[in-house]
Amino acid sequence: MIRRLPHVDRVGIEERAATLGKRSIKTTAKQQGIRLAVSMLDLTTLEGADTPGKVRHLCSKAVCPAPDMPEIPSCAAVCVYPSLAGVASAALEGTGVKTAAVATGFPSGQVSLDVKLRETEEAVAAGAEEIDMVISREAFLAGDDTRVQEEIVRVREACGDAHLKVILETADADFIKTSTGKASSGATPGVCLVMLEAIRDYAHRTGRQVGFKAAGGVSTSKAALHRLVLTKETLGDAWLTPDLLRIGASSVLNDLLMQYAKTETGRYGRAEDFSKE
């Protein structure tokens with residue numbers, strides 16, 4: 001079924017995405033857009049040098065991104081490796097910010113199904129409320145769509161009540177996600193638009209709303225707001241909620257805060273006014 005889907009009109013997609021990217025967002029609307037973008041952020045740290053202290057610091061920032069701007073909302077979630085899900089969960093308890101954990105051999109996915117399931121179960125047991133899984137890309141590229149779909153079903157079962165974000169698939173997922181964020185490009189405007197249109201078509205056919213997560217390359221306020229425009233124009237206002245739209249990033253929050261400060265004071269805030277993470 002997947003292999004029989006029609007090809008994407010790449011030129012048309014890029015042209016439409018570029019046109020929507022030219023929308024001018026000023027003053028009050030820009031402030032509103034920035035606050036909305038912050039509320040949809042999965043603040044992420046996925047480095048080999050991650051420590052409990054770094055994760056706790058990130059959680060503190062996710063809960064209160066800008067102490068001197070109380071109108072800025074909390075982020076949607078903090079995304080970490082499974083081994084640090086317990087640290088994040090404890091730090092975020094009672095705040096409303098979710099704990100998300102990557103799983104299934106992230107970012108390569110090159111581990112056995114047993115390991116994928118065990119890693120997912122351990123992350124959920126540690127307090128992860130959301131799981132970001134990567135599909136078996138080698139199986140997909142080899143044409144083994146059945147294996148890809150079956151693994152998604154098994155991981156979904158292992159999630160229990162936790163939401164599942166799939167990088168990159170649709171069946172049985174609560175969210176589909178552009179990329180691991182480890183490649184040189186990920187959530188380009190064209191890629192985002194194709195996925196958003198697929199979600200729209202799926203919703204029309206089934207009545208089921210599937211969420212979208214843009215991850216990889218969204219590092220500026222302009223890029224984040226552009227992804228909101230793409231979503232609004234393709235799926236409508238119903239998807240402009242953290243329950244259905246996320247932006248996975250590690251650095252974009254500071255740029256959003258600096259842009260917000262500029263709308264208030266007329267000048268850019270200094271980078272040193274905000275923490276690095």
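**Focus: the overall build of the protein chain**
- On a plain count of helices and strands, the protein chain comes out with 10 helices and 8 strands.
- In the protein chain, which comprises 277 residues, the share counted as buried stands at 47%.
- For the protein chain, restricting intrachain contacts to residue pairs at least 6 apart in sequence, the fraction spanning at least 24 positions comes to 69%.
- Accessible area for the protein chain stands at about 13200 Å²; split by element, carbon and sulfur atoms hold 51% of it.

**A look at helix α10 (residues 252–265)**
- The first and last C-alpha atoms of α10 sit 20 Å apart over 14 residues, in line with the 20 Å expected at 1.5 Å per residue.
- Listed in full, the buried residues belonging to α10 are V252, L253, N254, L256, L257, M258, Q259, Y260 and A261.
- Taken together, the buried residues of α10 touch α2 (27–39), β1 (41–44), α3 (52–63), α9 (221–235) and β8 (245–249).
- At the C-terminal side of α10, G266 shows a positive phi close to 85°.

**Thoughts on the pairing of strand β3 (residues 98–103)**
- Of all 6 residues making up β3, 5 are buried, and the element is well covered by its neighbours.
- Strand direction decides the pairing type here: strand β2 (residues 77–80) and β3, joined by 4 bridges, are parallel. Bridged to A77 within β3 is K98.
- Handedness of the crossover joining β2 and β3 through helix α4 (residues 85–92) is recorded here as right-handed.
- Where the polypeptide runs from β3 across helix α5 (residues 113–125) and back to strand β4 (residues 130–134), its parallel neighbour, the crossover connection is right-handed.

**Details of the pattern of salt bridges**
- The final tally for this structure, using the stated rule, is 14 salt bridges.
- Of the charged contacts in the structure, one is a salt bridge between R246 and D42, with a shortest N-O distance of 2.8 Å. Pair noted here: R246 is in strand β8 and D42 is in strand β1, with a separation of 204 residues, a long-range link.
- Of the charged contacts, one joins D132 and K165 as a salt bridge, the two residues approaching to 3.0 Å between their closest N and O atoms. Note that D132 is positioned in strand β4 and K165 in strand β5 (residues 163–167), a separation of 33 residues in sequence. One exposure class covers both D132 and K165, and it is buried.
- Among the ionic contacts, a cluster of salt bridges with common partners joins D42, E130, D132, K165, K213 and R246.

**Concerning the packing of aromatic side chains**
- For the coordinates displayed, the defined rule picks out 1 aromatic pair.
- Each ring, one from Y81 and one from F106, has its centre 6.3 Å from the other, and the planes form 70°; the classification is edge-to-face. Here the residue Y81 occupies a position in the loop between β2 and α4, and F106 occupies one in the loop between β3 and α5, the gap between them amounting to 25 residues.
- With relative accessibility at 22%, the residue Y81 sits in the partly exposed group.

**Observations concerning the packing of α2 against α10**
- One way to put it is that α2 packs onto α10 with a least axis distance of 10 Å and a crossing angle of 155°. Between α2 and α10, the interaxial angle falls into the category roughly antiparallel. Remark: the crossing between α2 and α10 carries left-handed chirality. Contact residues: K30, Q31, I34, R35, A37 and V38 in α2; L253, L256, Q259, Y260, T263 and E264 in α10.

**Examining unusual backbone geometry**
- For the bond from F106 to P107, the omega torsion is 0°, close enough to zero to count as cis.
- Within the fold, P107 resides in the loop between β3 and α5.
- Residue T104 is not a glycine yet carries a positive backbone phi of 65°.
- With respect to the element layout, T104 can be found in the loop between β3 and α5.
- Take T104: its relative accessible area is 0%, and that puts it in the buried class.

**Structural notes on the side chain of T99**
- Residue position: T99 is located in strand β3.
- Judged by its relative accessible area of 1%, T99 falls in the buried class.
- Residues contacting T99, with those up to four places away along its chain left out, are V78, A85, A88, S89, L92, G127, A128, E129 and E130.

**A short note on the environment of A17**
- Mapping A17 onto the fold places it in helix α1 (residues 10–20).
- In this structure A17 comes out as buried when scored by relative accessible area, which is 1%.
- In sequence terms A17 and H226 are 209 residues apart; their C-alpha atoms lie 9.0 Å from each other.
- Beyond its immediate sequence surroundings of up to four residues, A17 is in contact with P189, G190, L193, H226 and L230.

Cut-offs and rules
Residues numbered from 1 in each chain as written. Predicted model: local features only at pLDDT ≥ 70, side-chain atom pairs only at ≥ 80, totals over all residues. Heavy atoms only, no water. Helix = DSSP H or I, 4+ residues; strand = E, 2+ residues; numbered from the N terminus. Buried < 20%, exposed > 50% of the residue type's maximum accessible area, 1.4 Å probe, protein only. Contact = heavy atoms within 4.5 Å. Areas by Shrake-Rupley, 256 points an atom, 1.4 Å probe, with all protein chains shown as cover. Expected span 1.5 Å × (residues − 1). Pairing = 2+ DSSP bridges. Right-handed = clockwise from strand over helix to strand, strands pointing away. Salt bridge = Lys/Arg side-chain N within 4 Å of Asp/Glu carboxyl O. Phe/Tyr/Trp six-rings, centres within 6.5 Å; stacked < 30°, edge-to-face > 60°. Axes fitted to C-alpha atoms, helices over the stretch in contact; angles between N-to-C directions. Parallel < 35°, antiparallel > 145°, perpendicular 65-115°, else oblique. Left-handed = near helix turned anticlockwise from the far one by under 90°.

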